[in-house]
Structures are given as C-alpha cells and as structure tokens.
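Structural characterization, general
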Amino acid sequence: MIEHLKKLNEDALNRIKDALDLPSLDTIRVFYLSKKGEVSLMMGKLRELSQEERPAFGQKVNEVKEQIELAIYEKKQAIENVELLKTLEAEQIDVTLPGYQFYQGGVHPLNQVIEDLEDLFVGLGYEVAEGPELENDHYNFEMMNLAKDHPARAMQDSFYTDENMLLRTHTSPVQARTMLAKKGEPLRIICPGKVYRRDSDDPTHSHQFIQTEGLVIEKGLSFANLKDALLKMVRHLFGPERVIRLRPSYFPFTEPSVEVDVSYIKKDGTIGYIEILGAGQVHPDVLRMGGYDPEVYQGFAFGVGVERIAILKYNIDDIRHFYTNDLRFLSQFKGINR
Ligand code: PHE
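To start, this report covers the structure provided alongside it. Computed from a prediction, not measured in an experiment: that's the story for all the values here. Per-chain numbering applies: the sequence of each chain, read as written, is numbered from 1 onward. In keeping with the predicted nature of the model, local features appear solely for residues at pLDDT of at least 70, side-chain atom pairs appear and are counted solely at 80 or more, and the whole-chain, interface and lining totals rest on all residues. Only heavy atoms go into the side-chain values, all of them from the structure, while hydrogens and water stay out.

1. Looking at the pairing of strand 9 (residues 298–305)
Each residue's exposure class comes from its accessible area (1.4 Å probe, protein chains only) as a fraction of the maximum for that residue type: buried when under 20%, exposed when over 50%, partly exposed otherwise. Numbered from the N terminus, helices here are DSSP runs of H or I no shorter than four residues, and strands are runs of E no shorter than two. Counting buried residues along strand 9, six of its eight residues qualify, which places the element largely inside the surrounding structure. For two strands to be treated as a pair, DSSP must find no fewer than two bridges joining them. Where strand 5 (residues 208–218) and strand 9 come together, eight bridges link them in antiparallel fashion. Counterpart to I217 in the pairing with strand 9 is G299. Here strand 8 (residues 271–282) runs beside strand 9; their pairing, made up of five bridges, is antiparallel. In the strand pairing of strand 9, L277 is matched with V304.

If you want it as structure tokens, here you go:
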C-alpha cells in the first residue's frame, strides 16, 4: 500500500509539472484532492490496516496531500505569471509613437477686456449684474428717462420684435432692473453684455456690440467719486501714465453728463485724446423711478464700449475682426493679459 501511495505521489507531481493551463491543473486537483479523489481513497484504506500501522500510514497520506496541494499552488502561480506576461506583451504600447495633437483655445479678446474690468471692479466692491438682451421698452427707455416721444430715442434706433419689446440698445436697463431689485439699498454694480443698434456695419461700427455699464448708488456721492472710478478704470486698462479728459455731454439719464477721453501719445510725440465712454451723475428722476430718494441718495453711472477698449488696447483696424472668428486673428490674443 505504501508503494501505491508513493506511485500516486510521483504521478501527481509529474502531472502537475506538465500541466499547461489552469483548467487542466484544476482537473488534476479534482482527481487527487476532491472528496472522492485518489488521496481520499487512500485515507479510506486506513480501515484495512491494523491499529498499529494506521497512525504512520495516515501521516504519510497527509504528507502526500500537502505535497500535492503545495505543488498545485506553485504551479498555479507559475501559470498565472506566464499569462500575465503574455497579456503585458500583447498590450504593450509604443511610447515613441507621435501622440494626438490637442489645440488649446484662448479667451476671446473682448472677453479678456470684460474679465479685466470685472477683476478691477469686483476688487472695488462692485457686483456683476446681468439683464436680458431682448428688453422691454419700459426698462430700456422709460426707466432711463426717455419717454415714448423723447427725441433722444433717435440716437439709439433698434430692432423691435413688437411695440414694446426690442433688442436692448445699451446696458443701462440693467441699472433700472437692479435698482428695483435692491429696493432702496445702496449698490455698486457693473453690467457687461451685448447691445444692438440699427447701424450699417463698417470698420468702426457694428449693429451688435458689447458694453459694460457701471452704477453706484450711495449716500454722499459727488462727481469726484465718478472721476475717481473713471481714472482708476482707464489706468487699469491702459497704464498708470494715462490721464482722462471730461467733456460736457448729454444723456437723458444722467445730469451732469460727460464724454470721457483718454490720453495717448501721438506719432509726432504730442498728446492726443480719444473718446471711450459716456458717464454722469444719475438723474434724480431715474433715481426716483428706481425707488431711491434723490434728496438722500446720489448715484453715478458710466457705459463703456468694450470693442472700443480692445481696439485701442490692441491696435485693431476693423471692428469686424472680433466677430468673424478667424483663428489667425484670435490666436494672437492667447495669453495676453493673463
Ligand atoms: N447708455 C449710454 C450709451 O449707450 C452710455 C452711458 C451709460 C452714459 C451710463 C452715461 C451713463 O450711449
């Protein structure tokens, strides 16, 4: 019987050694180690032995069992390693192949100007406010002190969808909307956004453009506060050496009103001025319509053309470049200012 056990052990180890894959290894395991397997059969044979012989033989059978288990375990590891290596080999990647090329976009120059303005004014305690582009006549004109038959409406002809709705002609209606929303509380906002006017497109005009409105309402504001805000903006945008010039002007919603020019060095070395925005102290009627007592609160407002700023800043010769999405133009502004 010992002979038989030895033979069984040798056979098992040989078969394990020769096994090529996990399924055949498992077949071997079942053949020897399962409940009705060869090793269990040998255990059953114990009964045929005398009391004295049993312990020694039992121990032998156990040793054989352990050897087979160990051999199967080791063989299993070996087969798995080989399979892993095969998979790694098959899935190898060639890191020297050229990769896909991803093009990195940039922020549109007009958005760069808007972000730049937001950075400055948010730092000065302003909030950013927005309003609809399809606007009510009431907010676009009447709340801005331009009654239905006001002649100044002619300066801002627009696109109407019906008698009362139009594409807003300026960002000023956001002033009215914010004043009503704040219900008499002091406020500081800037409002960037698209505006529309009936205009023939040419190198300096576009029927659609972008403005950024500013509005501050507080107690004890004077014209000096407006001038300070404007100078800060101009120097932030164009550099600390710039000065501004205020020329008296007219807007129905501000009184007094000014046009603001910014200084630049002309080719011959002398100083010139270019108009960049309109501004003024908020008209008492506009304050009143917005829910503020003009005896208690003062306000100032300004409206700047974003394209104007970008044109001056980057020396652009045609406003239409901003809208045609030509990458040769746009890619020149990647990383400027940021
Ligand atoms: N809304 C004016 C325009 O579009 C600009 C402006 C805004 C002027 C605020 C004064 C105060 O022409």
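2. Points about the sheet that holds strand 8
Pairing is mixed across the open sheet formed by seven strands, whose spatial order is 1-4-5-9-8-7-6. The sheet terminates laterally at strand 1 (127–128) and strand 6 (244–251), the two strands that pair on one side only. Two elements, strand 6 and strand 7 (residues 254–265), share seven bridges in a ladder whose sense is antiparallel. Of the residues in strand 7, the one forming a bridge with S249 is S257. By definition in these notes, contact holds between two residues if any of their heavy atoms fall within 4.5 Å. The angle between two axes is taken between their N-to-C directions and runs from 0 to 180 degrees, where each axis is a line fitted to C-alpha atoms and a helix contributes only its stretch in contact. Against the sheet, helix 5 (residues 109–123) contacts strand 1, strand 4 (187–196), strand 5 and strand 9, and its axis sits at roughly 170 degrees relative to strand 4.

3. Considering the layout of surface pockets
Considered as a void within the structure, the largest pocket measures approximately 940 Å³ in volume. Taken together, 37 residues line the largest pocket, and the ones lying closest to its centre are R197, F209, Q211, E275 and R308. Looking at the lining of the largest pocket, the elements with two or more residues in it are strand 5, strand 7, strand 8, strand 9 and helix 10 (306–314). Among the elements that line the lining of the largest pocket, the one with the most residues is strand 8, at six residues. Tallied by class, residues from the lining of the largest pocket come to 16 nonpolar, 12 polar and nine charged. Within this model, the second largest pocket holds a volume of roughly 240 Å³. Lining the second largest pocket we find F238, R242, V262, S263, Y264, I274, I311, L312, K313, N315 and I316. When residues of the lining of the second largest pocket are traced back to their parent elements, those giving at least two are strand 7 and helix 10. Split by residue class, the lining of the second largest pocket holds seven nonpolar, two polar and two charged. Only protein atoms enter the 1 Å grid used here, on which a cavity is any set of points holding a 1.4 Å probe that cannot leave and a pocket is any open set flanked by protein within 12 Å on both sides along at least five of seven lines; residues with an atom within 4 Å of a point are listed as lining. Grid points are joined across faces, edges and corners, and a volume is the space filled by probe spheres set on the points. Charged means Asp, Glu, Lys or Arg here, nonpolar means Ala, Val, Leu, Ile, Met, Phe, Trp, Tyr, Cys or Pro, and polar covers whatever is left, Gly included.

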